[in-house]
Amino acid sequence: YGDIDSIKDPEAFPNLILSDLHMPEMDGYELIRHIREHDWFGEDITVVVCSADWTKETEQSCRSSGFDHALRKPISFSELNKFLAFIAAGMAKV
């Protein structure tokens, strides 16, 4: 999706959002704030942040911002596959 309006379409509601933390139009923090404030997807949506910029401060900021999980980049296909299996198994919230 390229903008916040495109994810508000009820026909396109996802079960999972993977978002980079640093994006040109809207960063991950702004995206999660919009999602959580407006409750477009209900409480069942799982939002995962991906970033190569990983410090203790970043981790704490992501947790307090409302992301459900965080993945450090680079992430291998194998790691991503295991993570998606974990999500699919219904253990999305920690």
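None of these values were measured; they are calculated from a predicted model.

Right, let's get into the nonpolar core. Formed by Ile17, Leu21, Met26, Leu31, Ile32, Ile35, Ile45, Val47, Val49, Trp54, Cys62 and Phe67, the largest nonpolar core amounts to 12 residues. Contributing elements (two or more residues each) for this core: helix H1 (28-38) and strand E2 (46-51). For this core, the leading source of residues is H1, giving 3 residues. For Phe67, the residues in contact, after removing those within four places along its chain, are Gly28, Tyr29, Ile32, Val47, Val48, Val49 and Cys62. Among the nonpolar cores identified, the runner-up in size contains 5 residues, and Cys50, Leu71, Phe83 and Ile87 belong to it.

Attention now moves to the pattern of salt bridges. Enumeration according to the criterion identifies 4 salt bridges in this entry. Note that Asp20 is salt-bridged to Lys73, the shortest N-O span being 2.5 Å. Of this pair, Asp20 sits in strand E1 (residues 16-20) while Lys73 is found in the loop between strand E3 (69-72) and helix H3 (77-88), placing the two residues 53 residues apart along the sequence. We classify Lys73 as partly exposed; its relative accessible area is 35%.

Here the focus is the pairing of E3. Here E3 shows a buried face lined by His69 and Leu71 and an unburied face lined by Ala70 and Arg72. Note that the unit made of E2, helix H2 (residues 56-65) and E3 has a crossover that is right-handed.

Rules used in this analysis
- Residues numbered from 1 in each chain as written.
- Predicted model: local features only at pLDDT ≥ 70, side-chain atom pairs only at ≥ 80, totals over all residues.
- Heavy atoms only, no water.
- Core = buried A, V, L, I, M, F, W, Y, C linked by side-chain atoms within 4.5 Å.
- Buried < 20%, exposed > 50% of the residue type's maximum accessible area, 1.4 Å probe, protein only.
- Helix = DSSP H or I, 4+ residues; strand = E, 2+ residues; numbered from the N terminus.
- Contact = heavy atoms within 4.5 Å.
- Salt bridge = Lys/Arg side-chain N within 4 Å of Asp/Glu carboxyl O.
- Right-handed = clockwise from strand over helix to strand, strands pointing away.

The values are spatial; any link to function lies outside them.
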